[in-house]
Amino acid sequence: MTRSVPPVSPARVHAELLGGDSASPLDSAVVRRVTEVAPWWPAAAQTLHRDGLRLVVHLAAQGLDQFLDLGSGCPSPGRRQVHRLATAFNRSRHAARTVYVDRDPHAHDDRRISLVDQTDAVSVRADITDTDALFEHPAVQQLDLQRPIVVLLHDVLHWMPDETAARLIADLRRRLPRGSLISFTHLLPAPPPYATTPLVGAYREAGMRLRPRDLSAITAWNGTWPAYTHGPHTGAGPQPVCASLLRTPRPGPFPRPAFWSFSRGQASHRTPSTR
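These numbers were taken from a predicted model, which means no experiment stands behind them.

Basis of the calculations
Residues numbered from 1 in each chain as written. Predicted model: local features only at pLDDT ≥ 70, side-chain atom pairs only at ≥ 80, totals over all residues. Heavy atoms only, no water. Helix = DSSP H or I, 4+ residues; strand = E, 2+ residues; numbered from the N terminus. Rg over C-alpha atoms; globule rule 2.2 N^0.38 Å. Buried < 20%, exposed > 50% of the residue type's maximum accessible area, 1.4 Å probe, protein only. Contact = heavy atoms within 4.5 Å. Core = buried A, V, L, I, M, F, W, Y, C linked by side-chain atoms within 4.5 Å. Pairing = 2+ DSSP bridges. 1 Å grid on protein atoms, 1.4 Å probe; cavity = no way out; pocket = protein on both sides within 12 Å on 5 of 7 lines; lining within 4 Å. Points joined across faces, edges and corners; volume = space filled by probe spheres on them. Nonpolar A, V, L, I, M, F, W, Y, C, P; charged D, E, K, R; others polar. Right-handed = clockwise from strand over helix to strand, strands pointing away. Axes fitted to C-alpha atoms, helices over the stretch in contact; angles between N-to-C directions. Parallel < 35°, antiparallel > 145°, perpendicular 65-115°, else oblique. Left-handed = near helix turned anticlockwise from the far one by under 90°.

Peer 1: Would you mind going over the overall build of the protein chain in detail, with residue names and values included?
Peer 2: Each helix and strand counted, the protein chain has 10 helices and seven strands in total. A compact globule built from 275 residues should have a C-alpha radius of gyration of about 19 Å, and the protein chain, at 18 Å, falls within 12% of that. Each of the three principal axes of the protein chain carries a C-alpha extent, and together these read 50 × 45 × 30 Å. Counting all 275 residues of the protein chain, 55% fall into the buried class. Residue pairs in contact within the protein chain that sit at least 24 positions apart in sequence constitute 73% of those at least 6 positions apart.

Peer 1: Any details on the nonpolar core? Residues and values, ideally.
Peer 2: Formed by 32 residues in total, the largest nonpolar core has its most connected members in Leu 153 and Ile 182. Elements represented by at least two residues in this core include exactly strand 1 (66-70), strand 2 (97-102), helix 6 (131-136), helix 7 (138-141), strand 4 (150-153), helix 8 (162-175), strand 5 (181-187) and strand 7 (241-247). Considering each element in turn, this core owes the most residues, four residues, to helix 8. Those residues in contact with Ile 182, other than ones at most four positions away along the chain, are Val 151, Leu 153, Ile 169, Leu 172, Arg 173, Leu 176, Trp 225, Ser 244, Leu 245 and Leu 246. Counting 23 residues, the second largest nonpolar core, distinct from the first, contains Val 57, Leu 64, Ala 96 and Ala 121.

Peer 1: Residues and numbers for the pairing of strand 1, please.
Peer 2: Counting buried residues in strand 1 gives five out of five residues, a clear majority hidden from the surface. Here strand 1 shows no split at all, with Gln 66, Leu 68 and Leu 70 on one side and Phe 67 and Asp 69 on the other all buried. Note that strand 1 and strand 2 share five bridges and pair parallel. Following the sheet pairing, Phe 67 is matched in strand 2 by Thr 98. Pairing analysis gives three bridges linking strand 1 to strand 4, with the strands arranged parallel. Each bridged residue has a counterpart across the sheet, and for Leu 68 the counterpart in strand 4 is Val 151.

Peer 1: Lay out unusual backbone geometry in plain terms, naming residues and giving numbers.
Peer 2: In this model, Pro 192 is joined to Pro 193 through a cis peptide bond whose omega is 5 degrees. In this structure, Pro 193 sits in the loop between strand 5 and helix 9 (197-205). The backbone phi angle of Asp 117 is positive, close to 70 degrees, even though this residue is not glycine. When you line up the elements, Asp 117 lands in the loop between helix 5 (105-114) and strand 3 (121-125). A positive phi is found at Asp 155, a non-glycine position, where the angle reads about 55 degrees. With respect to the element layout, Asp 155 can be found in the loop between strand 4 and helix 8.

Peer 1: Go over empty space enclosed by the protein with me, naming the residues and quoting the values.
Peer 2: The final tally for this structure, using the stated rule, is one cavity of 30 Å³ or more. Every residue lining the largest cavity is listed: Pro 10, Val 13, His 14, Leu 17, Trp 41, Asp 155, Trp 159 and Tyr 203. Considering every element that reaches the lining of the largest cavity, the biggest residue donor is helix 1 (residues 10-17), with four residues. Classifying every residue of the lining of the largest cavity by side-chain character gives six nonpolar, one polar and one charged.

Peer 1: Just give me the short version of the pairing of strand 4, but keep the residues and values in it.
Peer 2: Burial along strand 4 is two-sided: the residues Val 150 and Leu 152 and Val 151 and Leu 153 are all buried. Strand direction decides the pairing type here: strand 4 and strand 5, joined by four bridges, are parallel. Bridge pairing links Leu 153 to Phe 184 in strand 5. Once the chain exits strand 4 it traverses helix 8 before rejoining the sheet at strand 5, and the crossover so formed is right-handed.

Peer 1: I'd like a description of the sheet that holds strand 6 (residues 227-230), backed by residues and values.
Peer 2: The strand order 3-2-1-4-5-7-6 describes an open sheet built from seven strands, whose pairing is mixed. A strand with exactly one partner marks an edge of an open sheet, and here the two such strands are strand 3 and strand 6. Within the sheet, the average angular offset between the axes of one strand and its neighbour, ignoring direction, is 15 degrees. Packed on one face of the sheet, helix 3 (residues 41-61) meets strand 1, strand 4, strand 5 and strand 7 and runs near 20 degrees to strand 7. Here helix 5 sits on the sheet and contacts strand 2 and strand 3; the angle it forms with strand 3, its principal contact strand, is near 160 degrees.

Peer 1: Describe the packing of helix 1 against helix 2 (residues 25-37), naming the residues involved and giving the relevant values.
Peer 2: Orientation of helix 1 relative to helix 2, taken along the N-to-C sense of each, is 60 degrees, at an axis distance of 9 Å. Classified by the angle between their axes, helix 1 and helix 2 sit oblique to one another. Crossing geometry of helix 1 relative to helix 2 is assigned as right-handed. Across the interface between the two elements, Arg 12, Val 13, Glu 16 and Leu 17 of helix 1 pack against Asp 27, Ser 28, Val 30, Val 31, Val 34 and Thr 35 of helix 2. Residues belonging to the contact of helix 1 with helix 2 are distributed by class as follows: five nonpolar, two polar and three charged.

Okay, structure coming up:
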């Protein structure tokens, strides 16, 4: 993959929304513009990011020790990185391992530099939608593909076209070993005071396509996998964002993250005939 740094990228803009430094004045201009039209957006992004890291702690404490962070973006501000939390809260008899994947060359380079001398994590520059190549990559092959893997897709799917996002989740559900989980976050369409239309327009002006989706479209990606979805409909707050956690169908408990409010529907359990 040749190195071509985009003039503006969702990864760098998102990093600045989280309080990090941007690589470009153009990125900062986009952050100012989206904050102007949607003042709630930085706080929503920060809440989703913080809850995503809490979810890593929750899963590591349950014995999950393999994390595949797709569309991982730039390293988040501070020391609370996925690999650090996965290792610090690991309750497995295996050493924790994290693989970060992003196609943005700036995000990959920043991540790779941050992982110097780290033995529990690696950064890969790749197209996460090409799952054939992704799962054949040597770094991903270093994961034990016979044991559960946690796939993180945080602030990723709402940048993809409908068919691409649906196909990616379906491919992951097909490939992941028994006991694996998929965690993703997504923007929901909403009217004022949390209107998403101006936000979509501001990103479009910068050449980026943000795609809010209805909850029904998002939950359709679950297929036969049991899932929890946390958002305004479960008392998460008024901001139009949601988080979903899916697990491969199998017997045994599938605990709701303790810091998520109770869903009115709880987990959706169905008996699958195929994965």
